[in-house]
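Summary of structural features
Each chain, written out:
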Amino acid sequence: MIYRGKTALITGASAGIGAVFARSFAAKGADLILTARREDRLAALAAELKKAHGVRVSVIAADLAEPTAPDDIAAALKADGVNVDVLVNNAGYGLPGAYTESDWNVHRDFLEVMVTSYAHLTRLFLPGMLERKYGRIIHVASVAGLVPGSSGHTMYGASKGFLVSFAQSLAAECDGAGVTVSALCPGFTYSEFHDVNDTRPLVSQLPKYMFMDAEPVVEGAINAVEKGHVVYVPGLWNKFVVWMMKALPRPWAANAVRAQSAKFRRGN
Ligand SMILES: NC(=O)c1ccc[n+]([C@@H]2O[C@H](COP(=O)([O-])OP(=O)(O)OC[C@H]3O[C@@H](n4cnc5c(N)ncnc54)[C@H](OP(=O)(O)O)[C@@H]3O)[C@@H](O)[C@H]2O)c1
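Read on for an overview of the structure.

Thresholds, definitions, all that
- Residues numbered from 1 in each chain as written.
- Predicted model: local features only at pLDDT ≥ 70, side-chain atom pairs only at ≥ 80, totals over all residues.
- Heavy atoms only, no water.
- Core = buried A, V, L, I, M, F, W, Y, C linked by side-chain atoms within 4.5 Å.
- Buried < 20%, exposed > 50% of the residue type's maximum accessible area, 1.4 Å probe, protein only.
- Helix = DSSP H or I, 4+ residues; strand = E, 2+ residues; numbered from the N terminus.
- Contact = heavy atoms within 4.5 Å.
- Expected span 1.5 Å × (residues − 1).
- Arc of directions from axis to C-beta.
- Pairing = 2+ DSSP bridges.
- Axes fitted to C-alpha atoms, helices over the stretch in contact; angles between N-to-C directions.
- Phe/Tyr/Trp six-rings, centres within 6.5 Å; stacked < 30°, edge-to-face > 60°.
- Lys NZ or Arg CZ within 6 Å of the ring centre and 35° of its normal.
- Near = heavy atom within 4 Å.
- Polar contact = N/O pair within 3.5 Å; in protein donor to acceptor, adjacent residues only side chain to side chain.
- Areas by Shrake-Rupley, 256 points an atom, 1.4 Å probe, with all protein chains shown as cover.
- Nonpolar A, V, L, I, M, F, W, Y, C, P; charged D, E, K, R; others polar.
- Salt bridge = Lys/Arg side-chain N within 4 Å of Asp/Glu carboxyl O.

**Quick notes on the nonpolar core**
- Formed by 48 residues in total, the largest nonpolar core has its most connected members in Ile 73, Val 84 and Phe 125.
- For this core, the secondary structure elements donating two or more residues are α3 (69–79), α4 (104–132), α5 (156–173), β6 (179–184), α9 (236–247) and α10 (250–261).
- Of the residues forming this core, the biggest block, 9 residues, is contributed by α4.

Following this line, the structure appears as C-alpha cells:
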C-alpha cells in the first residue's frame, strides 16, 4: 500500500502495459486518472478497480496526437483540485513501413504521441511534484531505444531513445528533490501493440522466450523505480540483448539489427 494517498496519471491505460500499470498502482493503494482515446474501455477498467481496491478512479478521454490534449488533461485535473504524484507516460504504437511510405501528417502525429506528449505532460506535472517534494515519473521507452535503429518503423527507436536520454537528464535535475524519473525499456511484451500495427503474424514466428507478459514488466519497473533505477530493462533475454548490443563494436551491432529486424519489423 505504498501509494495510498497518492494519485497516478496513466496514459494509454485502455490496453496492454498501461492497463497493467493501472491494476498494479490500484492494488498498491493509489487513486488513478486513466487516459486514452477509448473511453468505454477506461470506464470498464475504472469500475473494476474501484470495486476491487476501493480507490478513486477518474477517466479522461483524450487523443494525445492533439497538441492541446496535455493542457486539456491538466486543466480538467486542476478544476477538480487533483494533484498528480505519479505520472506514467505510456501511450504509444508502432508505425510499420519505410519512412517515405507515410505522409508527414502521419509522422507528425506519431511524434506528438510518442515524444511531445511525454515531454509536455512532464512539464505540466513536474513543478507540482517538486513543490510537494514527492513524485514518480515513468516513461515507457523500449529496448529499441537502447540499440541501433532498424529498417522500417523508422522513428520508433529514435522516439524511445529520446525518452531514455530525457529520463536520464530529468533524473539528474531532480536528484535529491524527492522526485524520481525513470525510463522503462521493455522488449517484446504481450499486449495489443502488434495487433494494432498489424505485425502479429510476423512476431508470432519469434521464439516465445523473447516475449514477456505485461505483469512482470510492470512489477519489475515499479520495484526498480522505488530502488532509484533510472533506466530499467525487464527480463533476462532483454538484458542480454542490450548488453550484447553495447558490447559489440557499433557497426557490428548496427549490422546485427539490420539482419534481424525483418523478422519483427515491417520495413521496405
Ligand atoms: N508491447 C511491446 O512489445 C512493447 C515493447 C516495448 C515498448 N512498448 C511500449 O509500451 C507502451 C504501451 O504499449 P502496449 O504494448 O501496451 O500497446 P497497446 O496494448 O496497443 O496499448 C497502447 C495504449 O496506447 C494508447 N494510445 C495509442 N495511441 C494513442 C493516442 N493517439 N492518444 C492516446 N492514447 C493512445 C491506446 O489507447 P487508445 O487506442 O484507447 O487511445 C492504448 O491504451 C508503448 O509506448 C509502446 O511503445 C511496447
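**Concerning the side chain of Asn 197**
- Looking at the element boundaries, Asn 197 is found in the loop between α6 (193–196) and α7 (200–203).
- What makes Asn 197 buried here is its relative accessible area of 5%.
- With residues near it in sequence (within four places) discarded, Asn 197 still touches Gly 94, Pro 96 and His 153.

**Quick word on helix α2 (residues 39–53)**
- End to end, α2 covers 21 Å across 15 residues, agreeing with the expected 21 Å (1.5 Å per residue, within 8%).
- For α2, the set of buried residues is Leu 42, Leu 45, Ala 46 and Leu 49. All buried residues of α2 fall inside an arc of 105 degrees around its axis, so they share one side. Opposite the packed face of α2, turned more than 90 degrees from it, sit the exposed residues Asp 40 and Lys 51.
- Just downstream of α2, Gly 54 is the residue with a positive phi angle, here 65 degrees.

**Some thoughts on the sheet that holds strand β1 (residues 7–11)**
- An order of β3-β2-β1-β4-β5-β6-β7 is seen for the 7 strands of this open sheet, with the pairing classed as parallel. Every interior strand has two partners, whereas the edge strands, β3 (57–61) and β7 (231–232), have only one.
- Taken together, the 2 bridges between β6 and β7 define a ladder with parallel strand orientation. Directly across from Leu 184, in β7, lies its bridge partner Tyr 232.
- Sitting on the sheet, α2 touches β2 (31–36) and β3, and the angle it makes with β3 is about 175 degrees.
- Against the sheet, α5 contacts β5 (135–140), β6 and β7, and its axis sits at roughly 160 degrees relative to β6.

**So, the packing of aromatic side chains**
- Applying the stated criterion to the full structure yields 10 aromatic pairs.
- With centroids separated by 5.7 Å and ring planes inclined at 65 degrees, the aromatic side chains of Tyr 156 and Phe 193 adopt a geometry described as edge-to-face. Of this pair, Tyr 156 sits in helix α5 while Phe 193 is found in helix α6, placing the two residues 37 residues apart along the sequence.
- Feature note: the residues Tyr 209, Trp 237, Phe 240 and Trp 243 constitute an aromatic cluster, connected by ring pairs.
- When the ring centre of Tyr 134 is taken as reference, the NZ or CZ atom of Lys 6 above it lies at 4.0 Å.

**Some points on the site of the ligand**
- Contacts to the ligand come from 33 residues, most closely from Ser 14, Arg 37, Arg 38, Tyr 156 and Ser 191.
- Take Gly 92: an N or O atom from its main chain is 3.3 Å from an oxygen atom of the ligand.
- If the ligand stood free it would expose 880 Å²; the protein chains cover 96% of that surface.
- Sorting the residues of the shell around the ligand by element identifies α1 (16–27), α4, α5 and α6 as the ones contributing at least two each.
- Among the elements that take part in the shell around the ligand, α6 stands out by supplying 3 residues, more than any other.
- Partitioned by chemical class, the residues of the shell around the ligand number 18 nonpolar, 10 polar and 5 charged.

**Considerations on the side chain of Asp 85**
- By the secondary structure assignment, Asp 85 is in the loop between α3 and β4 (86–89).
- Given a relative accessible area of 9%, Asp 85 falls into the buried group.
- A polar side-chain atom of Asp 85 sits 2.7 Å from the main-chain amide nitrogen of Thr 7.

**As for the pattern of salt bridges**
- Considering all chains together, one arrives at 8 salt bridges under this definition.
- Salt-bridge contacts for Asp 85 lead to Arg 132; the nearest nitrogen and oxygen are separated by 3.7 Å. Here Asp 85, found in the loop between α3 and β4, pairs with Arg 132, found in helix α4; they are 47 residues apart in sequence, far enough to count as distant.
- With a closest N to O distance of 3.0 Å, Arg 136 and Glu 226 form a salt bridge. Of the two residues, Arg 136 sits in strand β5 while Glu 226 sits in helix α8 (residues 214–226), which places them 90 residues apart along the sequence.
- Overall, the relative accessible area of 12% leaves Arg 136 in the buried class.
- Residue Glu 226 is classed as partly exposed on the basis of its relative accessible area of 34%.
- Linked by salt bridges that have partners in common, Arg 38, Arg 41 and Glu 192 make up one network.

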